[in-house]
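Residue-level structure breakdown
Below are the chains, spelled out letter by letter.
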Amino acid sequence: MKRFATIVALGSLVLLAVFLLYPLALVLDASVRIDGTGAFTFGNYAAIVKSRYYLGSIGNSLLAAGLATGLACAIGIPLAFCLARVDVPGRALLLTLASLPLVLPSFVSAYALVLLFGHAGVVTTALRGIGIPIGSIYGMPGIVIVFTLTLYPYVVMPVLAGFQAVDASMEEAARNLGGSQSYAVRTVLLPIVMPAILAGGLLVFIEALENFGVPAVLAEDRPFLAVDIFKLFAGESDANPAAAGALSVLLIACTALALLVQRHYLGKRRFSTSARSAPAKLSLTPGLRLAAAIMSWGIVIVSLLPFAAVLMVSVLRFRGPVLTWELGLDNYATLLSGSYRPLLNTLTLASVAAVATMLIGAPIGYVVARHRSRLSGLLDFVGMVPFAVSGTILAIGLIVAFNSGPLVLTGGWLILVIAYVVRKLPFAIRSSSAIVHQLDPSLEEASVNLGVSPSKTFATLTVPLMASGLVGGLVLVWITAASELSATIVLYSSRWATTTVVMYHAIEGTGAGLAAAAAAVLILVTAIPLLLINRRVNKQEATVI
Amino acid sequence: MTAIRIEQLTRTFGPVRAVDNISLDIAHGELFTLLGPSGCGKTTLLRMIAGFVEVESGSISFGDRRIDNLPAHRRDTGMVFQNYAIFPNHTVAENVAYGLKARKVSAADIKSRVDKALERVRLAGYGPRSPHQLSGGQLQRVAIARALVIEPAVLLFDEPLSNLDAQLRTEMRIEIRQLQQALGLTAIYVTHDQEEALAISDRIAVLRHGKVEQVDTPERIYRMPQTAFVAEFLGSTNMVPGVAKAFDGRNTQVAAAGTEFLVRGEVAAPGAPVLLSLRPEALRLSDGSDAALVHARLALREFLGPVQRLHATLPDGTRLRVSALGGAAFDALPGAPLVLAYDPAQIIAFPAP
Ligand SMILES: Nc1ncnc2c1ncn2[C@@H]1O[C@H](COP(=O)(O)OP(=O)(O)OP(=O)(O)O)[C@@H](O)[C@H]1O
Ligand SMILES: [Mg+2]
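1. A short note on the overall build of chain B
A count of helical and extended segments in chain B gives eight helices and 20 strands. Within chain B, the proportion of its 353 residues that are buried is 49%. Expressed as a percentage of contacts within chain B between residues at least 6 apart in sequence, the contacts between residues at least 24 apart total 64%. For chain B, the separation between the mean place of its 38 positive charges and that of its 37 negative charges on side chains is 4 Å.

2. A word on the sheet that holds strand 15 (residues 283-285) of chain B
Residues and elements named next belong to chain B. Pairing is antiparallel across the open sheet formed by five strands, whose spatial order is 15-19-16-17-18. Single-partner strands in this sheet number two, and they are strand 15 and strand 18 (319-325). On average, each strand axis in the sheet is inclined to that of its neighbour by 50°, with strand direction left out of account. Here six bridges tie strand 16 (residues 293-303) to strand 17 (residues 307-313), and the two strands are oriented antiparallel to one another.

3. Quick look at helix 21 (residues 454-482) of chain A
In this model, helix 21 of chain A (29 residues) spans only 34 Å end to end at C-alpha, well below the 42 Å of a helix rising 1.5 Å per residue. Its maximal kink placed at A:Ala467, helix 21 of chain A deviates by approximately 65°.

4. Brief notes about the environment of B:Gln194
Residue and element names in this part refer to chain B. You can see Gln194 is positioned in helix 6 (residues 194-200). Distance in space between the C-alpha atoms of Gln194 and Gly235 is 7.4 Å, their sequence separation being 41 residues. Ignoring any residue separated from it by four or fewer positions in sequence, one finds Gln194 in contact with Leu35, Phe233, Leu234 and Gly235.

5. Examining unusual backbone geometry
Residue and element names in this part refer to chain B. The backbone of Glu151 shows a phi angle near 45°, a positive value even though the residue is not glycine. Secondary-structure assignment places Glu151 in the loop between helix 4 (136-148) and strand 7 (154-158). Judged by relative accessible area, which is 54%, Glu151 ranks as exposed. The phi dihedral of His209 falls on the positive side, at around 50°, and the residue is not glycine. Locating His209 in the fold gives a position in the loop between strand 9 (203-208) and strand 10 (211-216).

6. Considering the packing of aromatic side chains
All names here are of chain A. For the structure on display, the rule yields 15 aromatic pairs over all chains. A centroid spacing of 5.6 Å and a plane angle of 70° characterise the contact between Tyr53 and Tyr54, whose relative ring orientation is edge-to-face. On the accessibility criterion, Tyr54 (14% relative accessible area) is buried. Both rings, one in Phe212 and one in Phe230, keep their centres 5.2 Å apart while their planes meet at 70°; by these two values the pair is edge-to-face.

7. Some words on the domain arrangement of chain B
Residues and elements named next belong to chain B. Along its sequence, chain B is organised into domain 1 (4-232) and domain 2 (237-351). In this structure, domain 1 and domain 2 have C-alpha centres spaced 39 Å apart. On the domain 2 side, the residues contacting the eight residues of domain 1 number eight residues. Across the domain 1/domain 2 interface, buried area totals approximately 660 Å², and carbon plus sulfur atoms make up 59% of it. Considering only the surface of domain 1 that becomes buried against domain 2, Tyr222, Ala228 and Ala231 emerge as the three largest contributors, covering 62% of it. Inspection of the domain 1/domain 2 interface yields zero salt bridges. Here domain 1 is connected to domain 2 by three residue pairs in polar contact (both at pLDDT 80 or more). Only helix 7 (218-223) and helix 8 (228-233) provide two or more residues apiece to the side of domain 1 that touches domain 2. A total of three residues in the side of domain 1 that touches domain 2 trace back to one element, the largest contributor, which is helix 8. A per-class count over the side of domain 1 that touches domain 2 returns four nonpolar, two polar and two charged.

8. Re the packing of helix 3 (residues 52-85) of chain A against helix 7 (residues 140-151) of chain A
All names here are of chain A. Axis separation between helix 3 and helix 7 bottoms out at 8 Å; the angle between their running directions is 45°. Between helix 3 and helix 7, the angle is such that the two are oblique. In terms of crossing hand, the pair formed by helix 3 and helix 7 is right-handed. Residue-level contacts link Asn60, Leu63, Ala64, Leu67, Ala68, Leu71, Ala72 and Ile75 of helix 3 to Met140, Ile143, Val144, Phe147 and Thr148 of helix 7. Taken together, the residues of the contact of helix 3 with helix 7 break down into 11 nonpolar, two polar and no charged.

9. Notes on a nonpolar patch on the surface
Residues and elements named next belong to chain A. Together, Leu311, Leu524, Ile528 and Leu532 make up an exposed nonpolar region whose accessible area comes to about 350 Å². Top element by residues in the nonpolar patch is helix 24 (residues 512-543). It accounts for three residues. With respect to the helices and strands, the residue Leu524 is situated in helix 24. When its relative accessible area of 39% is taken as the criterion, Leu524 is described as partly exposed.

10. Digging into the site of ligand 1
Residues and elements named next belong to chain B. If you check the shell around ligand 1, you find 13 residues, and the closest are Ser38, Gly39, Lys42, Thr43 and Thr44. Here Thr43 contributes a side-chain N or O atom positioned 2.5 Å from an oxygen atom of ligand 1. For ligand 1, an oxygen atom lies 3.3 Å from a polar atom in the side chain of Glu159. Tallied by class, residues from the shell around ligand 1 come to five nonpolar, six polar and two charged.

11. With respect to the interface of chain A and chain B
Tallying the contact residues gives 20 residues for chain A and 24 residues for chain B. Both sides together, the interface formed by chain A and chain B hides about 1,900 Å², and carbon and sulfur atoms give 62% of it. For the pair chain A and chain B, the interface holds one salt bridge. Linking A:Glu445 and B:Arg47 is a salt bridge whose minimum nitrogen-to-oxygen distance equals 2.7 Å. Inspection of the region where chain A meets chain B yields seven residue pairs in polar contact (both at pLDDT 80 or more). Counting only elements with at least two residues in the side of chain A that touches chain B, the list comes to helix 20 (441-449) and helix 21 of chain A. Looking at the side of chain A that touches chain B element by element, the count peaks at seven residues for helix 20 of chain A. Classifying every residue of the side of chain A that touches chain B by side-chain character gives 11 nonpolar, six polar and three charged.

12. Observations regarding helix 7 of chain A
Residues and elements named next belong to chain A. A rise of 1.5 Å per residue sets the reference length of helix 7, with its 12 residues, at 16 Å; its end C-alpha atoms lie 16 Å apart and thus fit the reference within 8%. A large share of helix 7 lies buried, amounting to 10 of its 12 residues. Every buried residue of helix 7 is listed here: Met140, Gly142, Ile143, Val144, Val146, Phe147, Thr148, Leu149, Thr150 and Leu151.

13. Description of the sheet that holds strand 4 (residues 57-62) of chain B
All names here are of chain B. An order of 2-1-4-5 is seen for the four strands of this open sheet, with the pairing classed as antiparallel. If you trace the sheet from one side to the other, it starts and ends with strand 2 (16-26) and strand 5 (65-66), each paired once. Taken together, the two bridges between strand 4 and strand 5 define a ladder with antiparallel strand orientation. From the neighbouring strand, Ser61 faces strand 5, where its bridge partner is Arg66. Together, strand 1 (4-13), strand 2 and strand 4 form the strand contacts of helix 1 (residues 42-50), whose direction differs from that of strand 1 by roughly 120°.

14. Examining the side chain of A:Ser31
All names here are of chain A. On the secondary structure map, Ser31 appears in helix 1 (residues 2-31). In terms of polar contacts, Ser31 uses its side chain to reach the backbone carbonyl oxygen of Leu28, at 2.6 Å. When neighbours within four sequence positions are excluded, Ser31 is seen to be in contact with Thr41, Asn44, Tyr45, Ala242, Gly245, Ala246 and Val249.

15. Side note on the pattern of salt bridges
Considering all chains together, one arrives at 22 salt bridges over all chains under this definition. Several salt bridges converge on common partners, so that one network encompasses A:Glu210, A:Arg423 and A:Glu484.

16. Comments concerning the confidence of the model for chain B
Scored by pLDDT, chain B has a mean of 91; 99% of the residues are at 70 or more. ipTM for the predicted complex: 0.85, alongside a pTM of 0.80.

Scoring rules and cut-offs
Residues numbered from 1 in each chain as written. Chains lettered and ligands numbered in written order. Predicted model: local features only at pLDDT ≥ 70, side-chain atom pairs only at ≥ 80, totals over all residues. Heavy atoms only, no water. Helix = DSSP H or I, 4+ residues; strand = E, 2+ residues; numbered from the N terminus. Buried < 20%, exposed > 50% of the residue type's maximum accessible area, 1.4 Å probe, protein only. Contact = heavy atoms within 4.5 Å. Lys, Arg positive; Asp, Glu negative; His and termini not counted. Charge placed at Lys NZ, Arg CZ, Asp CG, Glu CD. Pairing = 2+ DSSP bridges. Axes fitted to C-alpha atoms, helices over the stretch in contact; angles between N-to-C directions. Expected span 1.5 Å × (residues − 1). Bend = angle between axes of the 7 residues up to and from the residue. Phe/Tyr/Trp six-rings, centres within 6.5 Å; stacked < 30°, edge-to-face > 60°. Domains from an automatic or database assignment. Buried area = accessible area lost by both parts, 1.4 Å probe. Salt bridge = Lys/Arg side-chain N within 4 Å of Asp/Glu carboxyl O. Polar contact = N/O pair within 3.5 Å; in protein donor to acceptor, adjacent residues only side chain to side chain. Nonpolar A, V, L, I, M, F, W, Y, C, P; charged D, E, K, R; others polar. Parallel < 35°, antiparallel > 145°, perpendicular 65-115°, else oblique. Left-handed = near helix turned anticlockwise from the far one by under 90°. Patch = residues over 30% accessible without salt bridge, like charges linked within 9 Å, V, L, I, M, F, W, Y side chains within 5 Å. Areas by Shrake-Rupley, 256 points an atom, 1.4 Å probe, with all protein chains shown as cover. Near = heavy atom within 4 Å. pLDDT = per-residue confidence, 0-100.

In structure tokens, the structure reads:
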């Protein structure tokens, strides 16, 4: 058993060292070198601290992430409470829909905002037509709105679990002892749910800080960290890799700090939904119940509306950048007339990456969950590092690392796959270790005891037992890899451009129709597998004992 | 032939010495039980033999072969788990065939051996079923068949019956015992149920804090416990502290609980503090013809069907439990005087700690 765990741990650590730690080390190294001569310096950091532009960029990123976190909590907590404690009509559907924004590409949502409320947006033009001017959604407001609407599920999920984990008897005990309902909420409910709120909120913060696509679409002239890093590294005129490195290190420091706090809280408390008796639904007056229903459905519908808008706009004709109300598939024709290549690339790369991620992540998740040792602790830690590293920074590191030397990967497909695998690995590790936690360890011991070696036991017994969960993980990795933008935009070569790249360039240029079609394709590509697994997971649940 | 020799085996978890320098010799064909309270290290010891817990120091040998450095899957033990550990994604027959396949037995042989094993555990015809269609007792039998069918060098049981209801438990333990004897396999059986241990074992090792307190046959463990802990753990004995007095050549007088007891043999020097173990069934209501007597009062009477349990109060207030046959007419009320008789040979004295 131990040998198997050691082999998995060592193998994975080597992979992570080569494709994650080494590239990151190079980024760190670049940040303390003078560009050109390579001499050691802290000058790059000093330059950032002195530059109003960079300080503004850091400030904007932190501000947007902070505001988004606050707003996501403000809508996520009431929504979670309603889902847990109010008999909202269509609760099951609501729950499914509420998790959708997490897997749909957020920059598509940002683009929808541009389509609707941008300079030439549908709503903007319409309102301007009847004499009502609306403020600009570019910059901070739009970015915060999109972050909030796409990231709030990170708050809803743990907080919902927290609310459900409150054993009814605890609340009843508090009330039985003479407390009012609000007293019970304050003294019993909140202390239990607080860590969940914090954990979810910090995730929103991290994701918002790292996000490249949304500010890339909506920032206009405002500087944002993730975008600046990309421009400093890949920009044609103003490239400055050393400054990009220094900004990267600062960004990683921020996200790593938030992640450590987040893990600290999650590590200490487990939110199991296995409370013996889930608290009863509140008995509300019809009026309040209606209000709760409207609010819950309202939040979810508003967050999904941008995606619906994109789907709709994609079948309308554009005249230049201006949208007309004529139906037509011209946008798709333009998208595909160029070449099928990007779409094919997206599908191929996502498939290869998803399979590879699960093949590497599942054994790691297994070892981390089953074999507590110093080595597996280290693996657990290193495996979570990609959470704190934005796609752009990882991609920059990969380019620096594998542009020359014994292993040249730049320009090929493999480097894209590696970036996807590394980025999605924490997810694969977490989801598979969660499944392993639910498997009775004595099953594997029984198999080993009967004479089957640990590695064969893992392959022939554990993996099939994990299958339904692994399929779910596979599909989710596939979806997020297919809509990945931040690393792809740094790493792609023209031969391996993906749909996201096409969309990005279309937005940058004037191909509004093209962008809408590409965005719609991305939505379909992500939504269809999601619907497929939903059915599959349901079916499997029925057949699992 | 698989005799098991365990020498100076130790395993610690941080500050806890789960298995503390244990040495045991288990003969071929023996059903050897590890008995002890929760946390005494039974499971740890068993899992060290199976290869799931690493040995820190000491050795384990099957016959002449040292096995403690072999990986778990090469040790040739058949383990029956407390929670059955039946593979849910395999049928009953596939579960039983699992170890045979690992041993590359031919398909035809597998079929006949699986059928025979299922017959042995009275599950003939259940092969094609899926585990979730079986009851707890049936699952436990599948687990036993799965361990038996590979004819392992050693059978290992970790509280195999603790998830079953009381009646099934007594039936199954007889089945386990008979199967083990019929196949002539060496078995190590972990339980914290003393009755189960007494009922089926050839020999019992009583463990406490990772150490062996006593290894003996069930009769000797029960009748001649070597430590107060063993006496107390096996059967709800009455422990009464006292002080040894004169030895009259046959019995020692012990002053305890405001009265005096006679204990066979010279148990301690006069004046030494001792701890007496008085088994409830070693005490009975005197019919007037006995030599050794104590006077007490009835505090409470519990009627338990086949027996009744009397709670007697000794002169200084110490309570004693006394088993009396349930059929014996006895209608004294609480507070009534009792005269209890005993055989001095059945009282055991331990040096007081
Ligand atoms: N993996 C482990 N890590 C740390 N401590 C352990 C571990 N396994 C066992 N222990 C400790 O070792 C001691 C012996 O445990 P063990 O499981 O062997 O007891 P047991 O006799 O089987 O008890 P029970 O009757 O409750 O099953 C206990 O104090 C336990 O807490
Ligand atoms: Mg145990």
